[in-house]
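Topology and contacts: notes
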Amino acid sequence: MVSTIKKRAPKQARVLEVLTEEGEMTFPELASISKCKMDSINRLRDRGFITLDKKEVSDSLFAGKHFKKTAHLSSTEEQEVAIRLIKRKLRERKHSVVLLKGVTGSGKTEVYLQAISEVITLGMRAIVLVPEISLTPQTIERFKSRFDRVSVLHSSLTERQRSDQWWEIKNGNADVVVGARSAVFAPLEDVGLIVIDEEHENTFKQDTSPRYNARDVSVVRAAYENAVVVLGSATPSLESFYNTSNGKYECVNLKNRVGHKPLPRVEIIDMRREVYRGKGLKQISNYLELSMKQSLSRKEQVLLLLNRRGFSPFISCRRCGFVLRCKRCDISLTYHKKRDAVICHYCFSEEPVPGECPDCCSNGIRFQGFGTERMEELIKTRFPDYNLLRMDSDTMRGKDSHEKALSSFRNGDIDILLGTQMIAKGLDFPNVTLVGVLSADTIINLPDFRAGEKTFQLLCQVAGRTGRGSKGGKVVVQTYNPEHYSITHAASHDYDGFAKKELEYRKQLYYPPYGRLARVVLRGKNDQDVKEKISKIAEKLMKAIKLSGGPLLSGLHKNKIGVLGPAPAPIVKVKDNYRWHLIVKADSFNNLHTILKSIENEKRNSKKVQMMIDVDPYMLI
Ligand SMILES: Nc1ncnc2c1ncn2[C@@H]1O[C@H](COP(=O)(O)OP(=O)(O)OP(=O)(O)O)[C@@H](O)[C@H]1O
Ligand SMILES: [Zn+2]
């Protein structure tokens, strides 16, 4: 039925698909998940395909939930050192920042909890920021079960819940606010402590206007309020780490896992040596397949990371080499089998799969490469006796689907969890004895100076999901770049070694944390207009640099301040707009600001070309 509707009314078909998959849901949920407006849903009702009912839904956030109170755990020696340091800072009531550098599974959360407890004893309050994806009921429970007055702020609350929580905080009825990045602005008074868990995560940076990084905002806010900031991570951002070496931040280490459980052994598999099979490259090495069999036969669980969703990440013609690209964006389209469509991961436009090659009209169209959807099929054929669950933004669209998936994995109903980076963070499942990274190379070659850092972080984080129980754990990393320093250092769990090397590179080029960057992106319908405009902007910037920072251009640090580019952005076109970019590099925030001032006016007087300035950009593509 859906397929007949699909031809004439694709939106209505989508609504039906979502309902079949997810079951009953509220009107706003349905509209948001299916990305359809009211009229499509109403038309389906008129045609008798669906019914709308009025039902009482409790909208109170913690309605009917009871949180059993728990006491402090008796802390490990390392935790004790960290807690003591933070308590001392709190009692001084002076602004300071502490980097809690603790390997995966070292019990950072317990340190936060005991620090918060001290804050409350001292008559103050605390804000805890965690990445959106980690704001699971388990996380909330850990705070709720320790403290009485906890409010929660994140994006999936209803309007009503958000406003309830906001007033609770505003009226002084909360001691602790746990939330995603915007909770840094919570109307809490007497803030004594701000905790940022997984401080390296890019979700703390908001990439749409108003652009801000909650980590930086928290440091500024804490300075105003004489509060202490605790930044926690197993893989701190190089900015934060660097600040511990120049004395701005203090550092405290948790080098061991709780109970002295060892970090898992990591095996690197050189995929260049894996034999080619008739059908092209091999996706799963013999070693990984064998390791999976071993773990599964012992009734242990396996986590597989593939940081690419969809069935096949590009579709090409084997006759003429044509690659299917989005007409509006300059990126290749991804085939999604279940939707039987090709989708642009940038503008989300969807098209049917072409029957023949649009270029040479042959029947040579083939699906290339593996995304999670295709990997799921492959693994199911190799491991038919085990339950596999795929976790990516396509399968996790429903409101509670993430939570449901995690709890069925926790219960042991699922043997293999396959997912994108969504599965790499924070999960604490003792029965996971094997983590397989199907390709460590998805980020490494991106034209972004943070590609190495992001690869290192992702590998360490996902490796950290195993060996958390008594059965130990092992990690298998498949890569075509087995000598890359991000991969080798991640394999030896050597953050300091990685940071040393990465900082050397950054210093040579004067990239952050040594210099400051701003990225100027211009976009417009006409490529020539954009190109001309950005050349003018580059000239203006160069002039400003000569005026303000003249002497800096000579001498030892020639590369400290300047303009890189302009050049076409790595993704040349998005939604029919051509994009050019340039990067301004300066030795201090003040100099950066002075230079950028020279192009301030350019923002206003142009209709054909729009300009965006991103200071401390996280994405360079
Ligand atoms: N002092 C302690 N005694 C006993 N168990 C502890 C103690 N501290 C923490 N744990 C337990 O150790 C496990 C790991 O702790 P936690 O999740 O805080 O680690 P983490 O450092 O945040 O790791 P990750 O970076 O991987 O998320 C949890 O199950 C936690 O309950
Ligand atoms: Zn597109």
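For the protein, an unreviewed UniProt entry supplies the name Replication restart protein PriA and the organism Candidatus Scalindua japonica. Under the Subunit (unreviewed entry) heading, UniProt states for the protein: "Component of the replication restart primosome." Annotation of the protein in UniProt includes, under Sequence similarities (unreviewed entry), the sentence "Belongs to the helicase family. PriA subfamily."

An order of β3-β4-β2-β5-β8-β1-β9 is seen for the seven strands of this open sheet, with the pairing classed as parallel. In this open sheet, the two edge strands, each paired with only one partner strand, are β3 (150–153) and β9 (250–254). Taking the axes of each pair of neighbouring strands and ignoring which way they run, one obtains an average angle of 15 degrees across the sheet. Sheet topology places strand β1 (residues 96–102) next to β9; five bridges connect them, and they run parallel. In the sheet register, Lys101 faces β9, and the bridge partner there is Asn253. Running over the sheet, helix α5 (residues 77–92) touches β1, β5 (191–197), β8 (228–233) and β9 and is turned about 155 degrees from β9. Of the strands in this sheet, β1, β8 and β9 touch helix α10 (residues 238–245), which is tilted by about 115 degrees from β1.

What follows covers the state of the cysteines. Taken as a whole and assessed by the stated rule, the structure comprises zero disulfides. Sulfur of Cys251: no disulfide; nearest cysteine sulfur belongs to Cys460 and is 15 Å away.

Attention shifts here to the sheet that holds strand β20 (residues 474–479). Read across the open sheet, the six strands follow the order β10-β20-β19-β11-β18-β17; overall the sheet is parallel. For this open sheet the edge positions go to β10 (265–270) and β17 (388–391), each flanked by a neighbour on one side alone. Strand-to-strand, the axes of this sheet are offset by a mean angle of 15 degrees, without reference to chain direction. Across five bridges, the pairing between strand β11 (residues 301–305) and strand β19 (residues 432–437) is parallel. Following the sheet pairing, Leu303 is matched in β19 by Val435. Strands in contact with helix α12 (residues 372–382) are β11, β17 and β18 (416–419); relative to β17, the strand with the most contacts, it is inclined by about 175 degrees.

Overall, the coordinates contain 13 aromatic pairs when judged by the stated rule. Through a chain of ring-to-ring contacts, the aromatic side chains of Phe241, Phe456, Tyr485, Tyr495, Phe498 and Tyr505 assemble into a single cluster. The cationic tip of Arg374 hangs over the ring face of Phe370; the distance from NZ or CZ to the ring centre is 4.7 Å.

Before going further, it helps to spend a moment on the site of ligand 1. Ligand 1 sits among 20 residues. The nearest are Gln79, Gly105, Lys108, Asp428 and Arg468. Lys108 places a polar side-chain atom, nitrogen or oxygen, 2.8 Å from an oxygen atom of ligand 1. Taking Asp428, its side chain carries an N or O atom lying 2.6 Å from an oxygen atom of ligand 1. Among the elements that take part in the shell around ligand 1, helix α6 (residues 108–121) stands out by supplying three residues, more than any other. For the shell around ligand 1, a count of residues per class yields three nonpolar, ten polar and seven charged. Residue-level mapping places the shell around ligand 1 at the junction of two domains, with at least three residues from each of domain 2 (77–259) and domain 3 (262–313 + 369–505).

Before going further, it helps to spend a moment on the pattern of salt bridges. The tally for this structure, following the rule as stated, stands at 37 salt bridges. Residues Arg149 and Asp175 are paired through a salt bridge, measuring 2.9 Å at the closest nitrogen-oxygen approach. Taken together, the residues span a long stretch of sequence, with Arg149 in the loop between α7 (137–144) and β3 and Asp175 in the loop between α8 (159–170) and β4 (176–179) at a distance of 26 residues. By relative accessible area, Arg149 is classed as partly exposed at 31%.

With that settled, consider the domain arrangement of the protein. Domain annotation of the protein identifies domain 1 (2–46), domain 2 (77–259), domain 3 (262–313 + 369–505) and domain 4 (516–615). For domain 2 and domain 4, the distance between their C-alpha centroids amounts to 35 Å.

One finds Leu303, Met391 and Val437 to be the most contacted residues of the largest nonpolar core, which totals 42 residues. Every element with two or more residues in this core is listed here: α10, β11, α13 (401–410), β19, α14 (451–463), β20, α15 (485–491) and α16 (495–509). The element that contributes the greatest number of residues to this core is α14, accounting for seven residues. Non-local contacts of Val437, meaning those with residues more than four positions away in its chain, are made with Leu305, Leu459, Val462, Val476, Val477 and Gln478. Of all hydrophobic cores here, the second largest spans 36 residues; its members include Phe62, Ile83, Val176 and Leu254.

This paragraph deals with the UniProt feature "binding site: Zn(2+) 2" (unreviewed entry) in the protein. Within this structure's numbering, the places UniProt gives as "binding site: Zn(2+) 2" (unreviewed entry) are Cys326, Cys329, Cys344 and Cys347. With the annotated positions falling across 22 residues, the maximum pairwise C-alpha distance of 8.7 Å places them together in a single cluster. Within the fold, Cys326 resides in the loop between β12 (314–317) and β13 (334–336). Of the residues examined, Cys326 reaches a relative accessible area of 5% and is grouped as buried. Apart from residues no more than four positions distant in its own chain, Cys326 is found in contact with Ile331, Leu333, Cys344, Cys347 and Ser349.

Bringing unusual backbone geometry into the picture now. Pro512 connects to Pro513 through a cis peptide bond whose omega is 10 degrees. Relative to the assigned elements, Pro513 resides in the loop between α16 and β21 (516–524). Cis peptide bonds are those with omega within 30 degrees of zero, and the linkage from Gly565 to Pro566 qualifies with 5 degrees. By the element assignment, Pro566 lies in strand β22 (residues 562–574).

Rules behind the numbers
Residues numbered from 1 in each chain as written. Chains lettered and ligands numbered in written order. Predicted model: local features only at pLDDT ≥ 70, side-chain atom pairs only at ≥ 80, totals over all residues. Heavy atoms only, no water. UniProt positions renumbered as here; feature names shortened; annotations may be inferred. Pairing = 2+ DSSP bridges. Helix = DSSP H or I, 4+ residues; strand = E, 2+ residues; numbered from the N terminus. Axes fitted to C-alpha atoms, helices over the stretch in contact; angles between N-to-C directions. Contact = heavy atoms within 4.5 Å. Disulfide = S-S within 2.5 Å. Phe/Tyr/Trp six-rings, centres within 6.5 Å; stacked < 30°, edge-to-face > 60°. Lys NZ or Arg CZ within 6 Å of the ring centre and 35° of its normal. Near = heavy atom within 4 Å. Polar contact = N/O pair within 3.5 Å; in protein donor to acceptor, adjacent residues only side chain to side chain. Nonpolar A, V, L, I, M, F, W, Y, C, P; charged D, E, K, R; others polar. Domains from an automatic or database assignment. Salt bridge = Lys/Arg side-chain N within 4 Å of Asp/Glu carboxyl O. Buried < 20%, exposed > 50% of the residue type's maximum accessible area, 1.4 Å probe, protein only. Core = buried A, V, L, I, M, F, W, Y, C linked by side-chain atoms within 4.5 Å.

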